[in-house]
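# Geometric and topological summary
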Amino acid sequence: MSIARAAELVARARRGVALTGAGISAESGIPTFRGEGGLWRQYDPVKVATLENFLEDPAQYWRVARERGPAVLAARPNAGHVALAELEASGHIAAVVTQNTDGLHRDAGSRRVIELHGTGRTVQCLDCGVVESRGDVQARLADEMPPRCAVCGGTFMKPTVVFFGEQMPADAVAQAFELARDADLMLVVGSSLVVYPAAEVPLVAARAGVPIVLINAEPTPIDDLADVVIHGRSGEVLPEIARLALVASGG
Ligand code: NAD
Ligand code: ZN
């Protein structure tokens, strides 16, 4: 019932916007931060992902990355990522705004992707500024801890993601709010919606009268605000919504 209602809204949409969080990549094998099996139960994020601690001892971050990085780099998009790319290609959604740093939306074929927290696919030397691929740096971790810059030998190789205590990229945040205001549908997928500014994006849409469809494995603080709430797995729910929407719109 709610899937059919969500599909109707998607079929009518011409500039929908999807806001995604770690939940959309869970079925690709990348653990979420919060909730069951969440990473925060294993690692203290304040130790591994704050700018202050990174600057004090980058090896703290890279020791965790040596263990966790290979699985993230090997992850492939799942049916949920693919469904969003199809909805963009068929003209129903205009953009994906994501909190994720895994790059899987682009891998799935999404073209307009706003990465609020940067990308984990590259690493930047804080001494000379050179940018290297994550895969290259990751490959050196067996011999170098922390990894050294291939150009200047610096030991502050920082992934191009937004750490705690760092500013969010202002242009990405501004684009996300503008997209939300101008949208004719907001899809919120796989986010616990407790981190600013991601949590603010659907509120901006709601204030502009944009209908909201929310898909998440468990309840979120904005369930009451959404027109349609589906508690389920995005890799199962999104393809079904996309299929029905494309049938309804003759696509
Ligand atoms: P979160 O971990 O706080 O919340 C994830 C939400 O997804 C939870 O509410 C959970 O119930 C739900 N969920 C889990 N599996 C799901 C599924 N199969 N289908 C639908 N929903 C599912 O994630 P967040 O809100 O994105 O915030 C955490 C922060 O951590 C983000 O800012 C992000 O930068 C970062 N992060 C990124 C990745 C990634 O890039 N894949 C992974 C972990 C954390
Ligand atoms: Zn350097």
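From a predicted model like this one, the values you see are computed outputs, not experimental measurements.

Moving on, we come to the domain arrangement of the protein. Assigned domains of the protein: these are domain 1 (1-30 + 77-117 + 168-251) and domain 2 (37-74 + 120-161). The gap between the C-alpha centroids of domain 1 and domain 2 is 29 Å. In this assembly, seven residues from domain 1 lie in contact with five residues from domain 2. Both faces considered, domain 1 and domain 2 share a buried interface measuring about 470 Å² in area, 47% of it formed by carbon and sulfur atoms. Run the count over domain 1 and domain 2 and you get one salt bridge.

Turning our eyes to something else, we now look at the coordination of the zinc ion (ligand 2). C125 (SG), C128 (SG), C149 (SG) and C152 (SG) make up the full set of protein donors to the zinc ion (ligand 2), lying at 2.3 to 2.4 Å. Read from N- to C-terminus, the donor residues coordinating the zinc ion (ligand 2) fall into the pattern C-x2-C-x20-C-x2-C. A residue pair is termed long-range when its members are at least 10 positions apart, and C128 in the loop between β4 (118-125) and β5 (131-133) and C152 in the loop between α7 (134-140) and β6 (157-161) qualify at 24 residues. Residue classification places C128 among the partly exposed positions, given a relative accessible area of 39%.

Once that is clear, we can look at empty space enclosed by the protein. A full pass over the atoms with the stated rule returns one cavity of 30 Å³ or more. Its boundaries defined by the atoms lining it, the largest cavity holds a volume of some 40 Å³. Lining the largest cavity are T98, N100, D102, G103, L104, H105, R106, V113 and E115. Those elements that provide at least two residues to the lining of the largest cavity are α6 (104-108) and β3 (113-115). Here the lining of the largest cavity takes three residues from α6, the largest share from any one element. Here the lining of the largest cavity is composed, by residue class, of two nonpolar, four polar and three charged.

Rules behind the numbers
- Residues numbered from 1 in each chain as written.
- Chains lettered and ligands numbered in written order.
- Predicted model: local features only at pLDDT ≥ 70, side-chain atom pairs only at ≥ 80, totals over all residues.
- Heavy atoms only, no water.
- Domains from an automatic or database assignment.
- Contact = heavy atoms within 4.5 Å.
- Buried area = accessible area lost by both parts, 1.4 Å probe.
- Salt bridge = Lys/Arg side-chain N within 4 Å of Asp/Glu carboxyl O.
- Donors = N, O, S within 2.8 Å, 3.2 Å for Na, K, Ca; no water.
- Helix = DSSP H or I, 4+ residues; strand = E, 2+ residues; numbered from the N terminus.
- Buried < 20%, exposed > 50% of the residue type's maximum accessible area, 1.4 Å probe, protein only.
- 1 Å grid on protein atoms, 1.4 Å probe; cavity = no way out; pocket = protein on both sides within 12 Å on 5 of 7 lines; lining within 4 Å.
- Points joined across faces, edges and corners; volume = space filled by probe spheres on them.
- Nonpolar A, V, L, I, M, F, W, Y, C, P; charged D, E, K, R; others polar.

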